[in-house]
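Here is what each chain is made of, one letter per residue.
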Amino acid sequence: MTHSPTSGLTPDSATSTFGAPATPLGAHLLPDRSGTRFCVWTTTAQEVAVRVNGELHPMQPQEGGIFELILPVRAGARYLFLLDGVPTPDPYARFLPEGVHGEAEVIDLHAYAWQNNAWRGLSLSECVFYELHIGTFTPEGTYRAAMEKLPELKALGVTAIQLMPLSAFPGRRGWGYDGVALYAPYAPYGRPEDLMALIDAAHGLGLGVFLDVVYNHFGPDGNYLSAYSPRYFTERFQTPWGAGLDYAEPHMRRLITGNARMWLRNYRFDGLRLDATQAMQDDSPVHILRELAGEVHALGGTHLLLAEDYRNLPELVTEYRLDGVWVDDFHHEVRVTLTGDRDGYYAPYRGGAAALAHVINRGWVFEGQIWPLEDAPRGKPADRLTAPSFVYFIQNHDQIGNRAVGDRMHHLERVTPALFRGASMLLLTLPMTPLLFQGQEWATSSPFPFFSDHHGELGQLVSEGRKREFGHFEGFSSEQVLDPQADATFERAKLNWAERETGEHARTRSLYRILLHLRREDPVLRNRERRNLCAGSVGDVLWVRHATAVGERVLLWNVGQAAVDVDRLDLPFSLPAQVLLHSEGREHRRLERGEAVLLGAGA
């Protein structure tokens, strides 16, 4: 989720000084699968027991607060730990079929028979991300149902799907950013082997699969780490959700890095999107992000790490060795251009053709200027970053969900279908890495409001807090804000797949397929070098020029009110003669409001 900028990263050395616990915590099958080793670390309990299939077994104390026990039980056994007699769910559980407050299930992460073992991953330059939420992507809201839609995404031209967080969270629905059991895939979506089958099927189609993970906080309900030890957390840092995670504590550190290894190695995800890395505050000798990147890239194969971090810090890539960064600045300039929104965090953005040209040329907007919402400098120049390291989007879960009714940009009366298709054409012809949000490709009528399912008083507080959260936005009155706890709010978010074949939906979808084909096959557009790219403006017309040794492509997008004759524009170069693609399917060189055209010369 998106949060306010914070200070820069703390420099550190390149090698970790932290050792992993000798035995992984939780429940792990023995190598010969003849039994299960149960292991707990606690600084609060004097006696620890494990209840397995209803039978209680005292665990043996070891050094350093570790308790262990091996029992002759296999995969499928249900268990719960007891700390000084108090039943306490396992925060390291690999599956919680009864929810975050219930018993865990012993899981064999090596039992699934993988079919597509030849898959070797994707480079970031090959990625076209498609962000989706398992619970609303299909009517059924399961891994197996999502798997049935993969061929359609492949045909569209997407190369990688990115799943919103899956770590177990409370209730029957949610976005996933309030996860509390990082190792346990959310049970209502399906079993662990169903998730593996989804990833396996995607790889069989040539699609990468990425996972959004939250390593900066835990949700407010069902987090049992403190019951085992308060040392997982620290008052040295504060987050919007309370006390900070203490990454200097070896067990917390290995909770994070071990979780990343599990998703990448056991589930075979191709990479991780790290939520709100600006909130991962760490004063350790080795920053947790640097260690995480080192461990992930040491796994072998191609694994990518992407940061959601709008501090605009290039060292996340150049020094910390993450692979890419989500760039809010591009989205915000597009949004202000199309909608005129200037409230909240849109206020510092100008919008318009010149502002769009600036963000494309510089990669992002803020490079050390004062961020007026905090009266502090924000960002650094990104000259050393390659184009694929910038993840660009015109929609994502946050930018839609951070609105009263979760309405998408193309739902607004001011944003005509032509204007939305023009913005889509810009996004998909740039060499930066594009990200789409589910249903964007057909301009879906489905909103994506924030939804949750918290019990009792917490649920009421969430509903009330939602009404207050965006009070600084003019369009967010308390009467308009949807209740996140209501079933109807969740149901609204489900995609209507039937509409994609009709009217403007089908027209938009057709353009996306053509654009993604060009992005993949066109000899100029498939070049990802920033040095071949420049942008500028003439009045309300944005121009973006790709000039390579094999040819030239020029995109023109009219974001103004008046129609323009392309050949009458006063440009600093001569336009190619050939019309390769017009966003509205026209053949002439005239652009009405919102329309874009791609011109080409050479191969």
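Every value quoted in this text rests on a predicted model; they were computed, and no experiment measured them.

This part is about the overall build of the protein chain. Counting its regular elements, the protein chain contains 14 helices and 30 strands. The globule rule puts the C-alpha radius of gyration for 603 residues at 25 Å, and the 25 Å found for the protein chain is close to it. For the protein chain, the proportion of contacts with a sequence separation of at least 24, taken over those separated by at least 6, is 72%. In the structure as shown, the protein chain presents an accessible area of about 22,100 Å², 50% of it carried by carbon and sulfur atoms. For the protein chain, the distance from the average position of its 57 positive side-chain charges to the average position of its 74 negative side-chain charges is 6 Å.

With that settled, consider unusual backbone geometry. Positive phi, normally seen in glycine, also occurs at Asp-84, with a value near 50°. A relative accessible area of 41% places Asp-84 in the partly exposed class. Unlike most non-glycine residues, Arg-321 shows phi in positive territory, near 70°. Of note, Arg-321 is situated in the loop between helix H7 (315-318) and strand E19 (324-326).

Taken residue by residue, the protein chain gives an average pLDDT of 93. The fraction at 70 or more is 94%. The low-confidence segment residues 1-8, where pLDDT is below 50, has 31 contacts with residues more than four positions distant or belonging to other chains.

What follows deals with the pattern of salt bridges. On inspection of all chains with the given rule, the structure shows 45 salt bridges. Across the salt bridge formed by Glu-68 and Arg-37, the nearest N and O atoms sit 3.1 Å from each other. With Glu-68 in strand E6 (residues 66-71) and Arg-37 in strand E2 (residues 36-41), this pair connects stretches of sequence that are 31 residues apart. Judged by relative accessible area, Glu-68 falls into the buried class, the value being 17%. Among the ionic pairs, Glu-521 bridges to Arg-520, the shortest N-O distance being 3.2 Å. Salt bridges sharing partners connect three or more residues here, namely Arg-253, Arg-254, Arg-261, Asp-282, Glu-291 and Glu-295.

The subject of this paragraph is the packing of aromatic side chains. Taken as a whole and judged by the stated rule, the model has 31 aromatic pairs. When the centroid spacing of 5.5 Å and the interplanar angle of 65° are considered together, the rings of Tyr-79 and Phe-81 count as edge-to-face. Note on accessibility: Tyr-79 and Phe-81 belong to one class, buried. Considering the side-chain rings of Tyr-349 and Phe-366, the 5.8 Å spacing of their centres and the 85° angle between planes classify their relative orientation as edge-to-face. With Tyr-349 in the loop between helix H8 (328-339) and helix H9 (353-362) and Phe-366 in the loop between H9 and strand E20 (370-371), the pair connects residues that are 17 residues apart, well separated along the chain.

This part is about the sheet that holds strand E22 (residues 390-393). Spatial strand order, E10-E11-E14-E17-E18-E19-E22-E23: 8 strands in a closed barrel with parallel pairing. Averaged over neighbouring strand pairs, the angle between their axes works out to 30° when direction is ignored. Two elements, strand E17 (residues 271-274) and strand E18 (residues 304-308), share 4 bridges in a ladder whose sense is parallel. Considered in E18, the bridge of Leu-272 is made with Leu-305.

A separate point is the pairing of E17. Residues Gly-271 and Arg-273 point to one face of E17 and Leu-272 and Leu-274 to the other, with burial holding for every one of them. Relative to E17, strand E14 (residues 208-213) runs parallel, the two sharing 4 bridges. Counted as the bridge partner of Phe-210 is Gly-271 from E17. Regarding the hand of the β-α-β motif, the stretch spanning E17, helix H6 (residues 288-297) and E18 is right-handed.

Here helix H14 (residues 503-521) contains 19 residues, and its C-alpha end-to-end distance of 27 Å stays within 8% of the 27 Å for a straight helix at 1.5 Å per residue. Against the buried residues of H14 lie helix H2 (143-156), helix H11 (417-429), strand E23 (433-437), strand E28 (578-582) and strand E30 (596-602).

Attention shifts here to the sheet that holds strand E24 (residues 533-538). As summarised here, the arrangement of the 5 strands in space is E24-E25-E26-E30-E28, forming an open sheet in which the pairing is antiparallel. Bordering the open sheet on either side are E24 and E28, each of which pairs with just one other strand. The mean inter-strand angle of the sheet, taken between neighbouring strand axes irrespective of direction, is 20°. Note that E24 and strand E25 (residues 541-548) share 6 bridges and pair antiparallel. Paired with Cys-534 across the strands is Arg-545, a residue of E25.

Here we come to the pairing of strand E10 (residues 129-132). Side-chain direction in a regular strand flips from residue to residue, so the side chains alternate between the two faces of the sheet. Residue alternation in E10 divides its side chains into two sets, Phe-129 and Glu-131 and Tyr-130 and Leu-132, and both sets are buried. Pairing of E10 with strand E11 (residues 160-163), which is carried by 4 bridges, proceeds in the parallel orientation. Each residue of the ladder has a partner; that of Glu-131, found in E11, is Gln-162. The sheet contact formed by E10 and E23 spans 3 bridges and is parallel. Opposite Glu-131, over in E23, you have Phe-437 as the bridge partner.

With respect to the helices and strands, Thr-138 occurs in the loop between helix H1 (134-137) and H2. The exposure class of Thr-138 is buried, given its relative accessible area of 1%. Here Gly-141 takes part through its backbone nitrogen, which lies 3.0 Å from a polar atom of the side chain of Thr-138. Filtering out sequence-adjacent residues up to four positions away, Thr-138 remains in contact with Ala-145, Ala-146, Lys-149, Lys-494 and Trp-497.

With that out of the way, let us pick up the side chain of Asp-178. Within the secondary structure layout, Asp-178 lies in the loop between strand E12 (167-168) and strand E13 (181-185). Buried within the structure, Asp-178 lacks any salt-bridge partner; Arg-173 is the closest side chain of opposite charge, at an N-O distance of 10 Å. Within polar-contact distance, the side chain of Asp-178 engages the side chain of His-454 at 3.1 Å. Those residues within four positions of Asp-178 in sequence are excluded, and the remaining contacts are Phe-169, Pro-170, Gly-219, Pro-220 and His-454.

Rules and cut-offs
- Residues numbered from 1 in each chain as written.
- Predicted model: local features only at pLDDT ≥ 70, side-chain atom pairs only at ≥ 80, totals over all residues.
- Heavy atoms only, no water.
- Helix = DSSP H or I, 4+ residues; strand = E, 2+ residues; numbered from the N terminus.
- Rg over C-alpha atoms; globule rule 2.2 N^0.38 Å.
- Contact = heavy atoms within 4.5 Å.
- Areas by Shrake-Rupley, 256 points an atom, 1.4 Å probe, with all protein chains shown as cover.
- Lys, Arg positive; Asp, Glu negative; His and termini not counted.
- Charge placed at Lys NZ, Arg CZ, Asp CG, Glu CD.
- Buried < 20%, exposed > 50% of the residue type's maximum accessible area, 1.4 Å probe, protein only.
- pLDDT = per-residue confidence, 0-100.
- Salt bridge = Lys/Arg side-chain N within 4 Å of Asp/Glu carboxyl O.
- Phe/Tyr/Trp six-rings, centres within 6.5 Å; stacked < 30°, edge-to-face > 60°.
- Pairing = 2+ DSSP bridges.
- Axes fitted to C-alpha atoms, helices over the stretch in contact; angles between N-to-C directions.
- Right-handed = clockwise from strand over helix to strand, strands pointing away.
- Expected span 1.5 Å × (residues − 1).
- Polar contact = N/O pair within 3.5 Å; in protein donor to acceptor, adjacent residues only side chain to side chain.

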